[in-house]
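Working through the structure, step by step
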Amino acid sequence: MSDAEENPLEETEEYGEIEMEEGEAEEKDPNDEGLETVQQELKEDNTLAWRGSQEEGEEEGEAEGEEGEEEDEGDEFGKEEAAGAQEETTVKPQEITKSMISLERLTPTDSQSVLSGTLPKTYSGRESKHSLQSELLETLELPRSMVSQLEFHDLDLTTSAEQQLSSPEKQPSGELAERTDQRPQDELGQERRDLEPERGDLEPEKREGRKEKRVLYVNEKKEKEFQPKARIPQMSLVSTATEDILFQKDDSANVYPLAMTWSFGWNSSLPVYYIQDENQRVLLYASAHTAVIYNVFKNNQHHLQGHPNVISCLCISEDRRWVATADKGPDCLIIIWDCFTGIPVRTIFNSCPEGDGIRAMAITRDAKYLATISDAEIQKVCIWKWTLAVETPACTLNLPKEYGFQSYLTFNPTNNKELVSNSKTQAIYYMWYEEGDILVHSAPLLTEKTFNKLVGKFSQSVFHLNLTQILSATMEGKLVVWDIYRPPPSASTSLGFPHITPCKLVHLQKEGITVLTTVDSYIVTGDIRGNIKFYDHTLSIVNWYSHFKLSCIRSLSFSKTPATPPTENTNYPPDCTLKGDLFIVRNFIIGTSDASVYHFTADGTKLEKLFVEPKDAVCAISCHPYRPLIAIGSFCGTIKVWDYEQKKYLFSRIFEKGLGVQSLTYNPGGALLGAGFTEGTVYILDAMSLESEVPEPFKYSRTSVTHVSFSHDSQYMATADVSFTVAVYVVTVKNGRRVWEYLARLRSHRKSIQSVLFGVHLDSNEPRLLSLGRDRLLIEYNLLKSYKDHLEVLDVQRTDQGSHPTCMVWYPPLTKELFLLICNSGYKVKLFNSTTKMCRKTLLGPVYGSPIEQIQILPVKTPLELQKRYMVFINRDKVGLQILPVDGNPHKTSALICHPSGVAGMDVSYDGRYAFTAGGQDRSVVQWEINLRSWKTIFTILSSVVKVLIQWRPERCRNTSACRSFLLS
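Residues numbered from 1 in each chain as written. Predicted model: local features only at pLDDT ≥ 70, side-chain atom pairs only at ≥ 80, totals over all residues. Heavy atoms only, no water.

Observations regarding the overall build of the protein
If you tally the helices and strands in the protein, you get 18 helices and 55 strands. For the protein, the proportion of contacts with a sequence separation of at least 24, taken over those separated by at least 6, is 53%. As presented, the protein carries roughly 44700 Å² of accessible surface, and 49% of it is formed by carbon and sulfur atoms. (Helix = DSSP H or I, 4+ residues; strand = E, 2+ residues; numbered from the N terminus. Contact = heavy atoms within 4.5 Å. Areas by Shrake-Rupley, 256 points an atom, 1.4 Å probe, with all protein chains shown as cover.)

A word on the environment of Ser551
Within the secondary structure, Ser551 is located in the loop between β25 (541-545) and β26 (553-558). Judged by relative accessible area, which is 22%, Ser551 ranks as partly exposed. When the C-alpha positions of Ser551 and Ile528 are compared, they lie 6.8 Å apart, and in sequence the two are 23 residues distant. Discounting residues that sit within four places of it in the chain, Ser551 has contacts with Ile528, Arg529, Gly530, Thr592, Ser593 and Asp594. Engagement of the side chain of Ser551 in a polar contact is seen with the side chain of Asp594, the distance being 3.0 Å. (Buried < 20%, exposed > 50% of the residue type's maximum accessible area, 1.4 Å probe, protein only. Polar contact = N/O pair within 3.5 Å; in protein donor to acceptor, adjacent residues only side chain to side chain.)

Quick notes on the nonpolar core
The biggest cluster of nonpolar side chains holds 40 residues, and the ones touching the most others in it are Leu284, Ile293, Ile334, Met361 and Leu370. With sequence-adjacent residues up to four places away left out, Leu284 is seen in contact with Pro271, Val272, Tyr273, Ile275, Ala291, Val292, Ile293, Leu314, Ile316 and Val323. Ranked by size, the runner-up nonpolar core spans 26 residues in total, among them Val272, Val618, Phe916 and Val925. (Core = buried A, V, L, I, M, F, W, Y, C linked by side-chain atoms within 4.5 Å.)

Structural notes on the packing of aromatic side chains
Across all of its chains, the model carries 32 aromatic pairs by this definition. For the pair Tyr848 and Phe873, a centre-to-centre distance of 6.2 Å together with 20° between the ring planes defines the contact as stacked. A residue pair is termed long-range when its members are at least 10 positions apart, and Tyr848 in the loop between β48 (839-844) and β49 (854-857) and Phe873 in strand β50 (residues 870-874) qualify at 25 residues. Using a relative accessible area of 22% as the deciding quantity, one classes Tyr848 as partly exposed. By relative accessible area, Phe873 is classed as buried at 1%. Among the aromatic residues, ring-to-ring pairing joins Tyr522, Phe534, Tyr545, Phe548, Phe558, Phe583, Phe588 and Phe600 into one connected group. Just above the ring of Trp322 sits the side chain of Arg321; from NZ or CZ to the centre is 4.9 Å. Over the aromatic face of Tyr649 sits the side chain of Lys640, whose NZ or CZ is 4.7 Å from the ring centroid. (Phe/Tyr/Trp six-rings, centres within 6.5 Å; stacked < 30°, edge-to-face > 60°. Lys NZ or Arg CZ within 6 Å of the ring centre and 35° of its normal.)

Thoughts on the sheet that holds strand β8 (residues 333-338)
With antiparallel pairing, four strands are arranged side by side in an open sheet as β6-β7-β8-β9. Only two strands of the sheet have a single partner each, and these edge strands are β6 (311-316) and β9 (343-349). Here the strands of the sheet are splayed against their neighbours by 20° on average, with no regard to which way each runs. Here five bridges tie β6 to strand β7 (residues 322-327), and the two strands are oriented antiparallel to one another. (Pairing = 2+ DSSP bridges. Axes fitted to C-alpha atoms, helices over the stretch in contact; angles between N-to-C directions.)

Looking at the pairing of strand β46 (residues 819-824)
Judged by how many residues are buried, β46 sits mostly within the fold: six of six residues are covered. Burial along β46 is two-sided: the face carrying Phe819, Leu821 and Cys823 and the face carrying Leu820, Ile822 and Asn824 are both buried. Alignment of strand β45 (residues 805-810) against β46, held across five bridges, turns out to be antiparallel. Bridge pairing links Val809 to Leu821 in β46. As paired strands, β46 and strand β47 (residues 828-833) are joined by five bridges and run antiparallel to one another. Paired with Leu820 across the strands is Phe832, a residue of β47. Hairpin geometry of β46 and β47 is characterised by an intervening segment of three residues between the two adjacent antiparallel strands and by a positive phi of about 65° at Tyr827.

Some remarks on the sheet that holds strand β32 (residues 638-643)
Pairing within the open sheet is antiparallel, and its four strands lie in the order β30-β31-β32-β33. Among the strands making up the open sheet, the edge pair consists of β30 (618-623) and β33 (648-654). The sheet shows a mean angle of 20° between the axes of neighbouring strands, direction not considered. Where β32 meets β33, six bridges bridge the pair, whose relative direction is antiparallel. The residue bridging Lys640 from the neighbouring strand is Ser652, located in β33.

What to know about the confidence of the model for the protein
Predicted confidence across the protein gives a mean pLDDT of 79, with 71% of residues reaching 70 or more. Taken as a whole, residues 1-231 scores under 50 in pLDDT and shows 267 contacts with residues more than four places along the chain or in a different chain. (pLDDT = per-residue confidence, 0-100.)

Overview of the pairing of strand β37 (residues 705-710)
Across five bridges, the pairing between β37 and strand β38 (residues 716-721) is antiparallel. Across the sheet, His707 pairs through a bridge with Ala720, a residue of β38. Joining the antiparallel neighbours β37 and β38 is a turn of five residues, in which Ser714 adopts a positive phi near 60°.

Quick word on the side chain of Asn531
When you line up the elements, Asn531 lands in the loop between β23 (522-527) and β24 (532-535). Setting aside residues no more than four positions away along its own chain, Asn531 makes contact with Glu511, Thr525, Gly526, Tyr545, Ser546 and Ile553.

With respect to unusual backbone geometry
Apart from glycine, the bulk of residues carry a negative phi angle, and the bulk of peptide bonds sit in the trans form. A cis amide bond links Leu884 to the next residue, Pro885, at an omega of 5°. Secondary-structure assignment places Pro885 in the loop between β51 (878-883) and β52 (893-897). Positive phi values are uncommon outside glycine, yet Thr605 reaches one of about 55°. Looking at the element boundaries, Thr605 is found in the loop between β28 (596-601) and β29 (606-612). Accessibility expressed as a relative area gives 25% for Thr605, which makes it partly exposed.

A closer look at the pattern of salt bridges
All chains considered together, the criterion is met by 22 salt bridges. In this structure, Asp375 and Arg359 form a salt bridge, with 2.7 Å as the shortest nitrogen-oxygen distance. Note that Asp375 is positioned in the loop between β11 (370-374) and β12 (380-384) and Arg359 in strand β10 (residues 358-363), a separation of 16 residues in sequence. With relative accessibility at 16%, the residue Asp375 sits in the buried group. Under the relative-accessibility criterion, Arg359 is labelled partly exposed at 29%. Close ionic contact of Asp877 with Arg876 constitutes a salt bridge, the shortest N to O distance being 3.1 Å. The class for Arg876 is partly exposed, based on a relative accessible area of 41%. (Salt bridge = Lys/Arg side-chain N within 4 Å of Asp/Glu carboxyl O.)

A few points about the state of the cysteines
Per the counting criterion, the structure on display carries zero disulfides. Free of any disulfide, Cys315 has its nearest neighbouring cysteine sulfur in Cys313, separated by 7.3 Å. When its relative accessible area of 5% is taken as the criterion, Cys315 is described as buried. (Disulfide = S-S within 2.5 Å.)

Here you go:
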């Protein structure tokens, strides 16, 4: 039986497509016979098992029928309801089956287990289900009731944390019992009676009585089977989790074509937080649109994915349990996460409909309330009761423009109703009256005349340890002290509202203060020269650390674990007071402006460098041709090489100031690394030591070198720059040594060069060189006839009329004819004959909001994989995967957001297991695991669905040939 036949009333209520009355008849479609045959073969095992259990139920029902009747004598209404529902069973359930297909019956149990996993956090399972249903409705013109039976929601879309923590025996039964309890009783009775087969050998009276007894027995049996399980309390995953469970989960069982496995780099403009400091050293920081929980000792990352835009601010509760993240951009979100499990416990949509996202955010010490400041022109301060099921803030306040853009916000650690924020020129004190949902504020104007001294730009503000004052740090090394006036609670409004007044200006130090915070009994500052200083409540200095030679301090995060009391084995330093007491403070994490993160251990005064990431844009990445290495280049002039399987940093090189790495490419042999820089210099480096292979770098261009490419035999290297120029370098032998020399350069294009590609001539082993420009020209060069300062052009072809090309790649040999695959700005992919340059086919390419910008073909490891190839692509902000051959089928592609601010580059590992994307201005590189097996499973399921649809009713398909090509692919 299909699911629709088991519960027709539920289908009617949910989609409103199936409405049947007693005595209504339908015409029998001849195509339905084929469908019944397919369904019968696919459901044979389940039907036999069901019939066996039903016959046993009938025999036991006759013996227990009287007992069931005695139990229901007290409920006359229930009898009438059951009898009324029984009359409706005269409708033939087989007719409902003919218009429905259940993917649950079509899909083997093993396939469902393979598909269980974690969706990328950007898209929820419910959204995926409805989008797929809508697509089937639109393309095949199917009734919604039929598509509803394609049980995509039966696939296990729970998070990996739920799979690890939930019991496999209790969870399904609990969910089923919950759905059973929520369904009306007459609907349940109707479903159970529809399950009964018709028996024509019984007289109508006996058959009616037998059915009534059977219904009573089924109800009783269902109650006995499910009711006890429903009473078992379903414990929340969040409430039962412990802080060490996050990194005990196995995230390796990936069931999606592309999944993030590692994030290189972090947003150094945001703070890094200290989560755990006992058995595990765990940090939290932001990388593009993902929050990363990093375990230093285990060298593991857990990614909190869900934001569609780059994260603009984040904060954490005092107990390090709850994390709030927010982003800036369209459809901005605020998400509150559980750090123990990585589960998003609350998502706030439309948090800033008038603006463009959140600029500052803070959470109370007990994590009950969340405060945000929008990034709109007119900033709005909101306080959210995020633990309640409300979609609107508890109170709001619009700030005038003259206050400046408030960029820092914090709560009073001892009073949830008080806040303070500041811009560069204005500090604001807030008092929240929860009873009336009123937020009052005080923002006294502070000028140089207030203290007759230069105050400077504000950086951060905190509440003083005495709780009667507020401290605001400035970039002149000073502290502004504000007195807080709080009227008595019983006083009338005639005494005024709470407000602050400037009290004094304290000149603490010469260096500008960038970080101001409090911990235990200390007021802590970090400045632009990397100094960290501790003051007591009187602003007298207690201790400082200035000998570490750090860059500008961006964040300080102290451990939630109190400092260990001094013993004989401890080695705390003395403070700088006259008493010379031991300086006891918690361990803390330091984040600096050069994207470095350090761990400071107070006992012994130990400073450990945890990691150093690029501080400027990252556009250049390249994977080694036969080793698990990736080279990452940044505009700050740094090239770092990582082992991406072990997640270990190996070696790096920092170039002189002014040299920013724009492009990187390993040669096919893996011994050399070509690097193009932003000011036009070209280096050829040793791949293992990053030392120069040439005495002097090549300086033949005045603009940024955007492309570097090697020939298959590593005899030639070609580069392209922003000035539309192609340059070629060649290997020569001098004095018995192979040296690289400049050959020639040519300004062959009128617009930017999109690709520079080497190939091999079909009739020889000589390399070919081609370039593709935005001017719609495909140019091939004659390397054999080129000589010093002369680059010979062999052929020029026009690729498009209206759209401009974006990238090109050699198409894999899936056919006897060899092609060049070129993508354009019109979302089209074109196949050009590799010899004649004639366009042989034009097809629709992936359509994900912007045209494809770069493509690469996945390498194969065995000859059996040569006929089943895949292509990785990127567009403006997404990375995707497509099944080859290209045929315009949109169902053969999959993509997800990788860098919301824009993708700058992409590369694929030598074995085809990973894809890497560079985020440009977000200063990150993301490693994506490519899982083709899961995609094959999903594709097999969809193929089975399309196959049944074609056999059942081909005239309902708009394009049957497209469906058949989908099956053939």
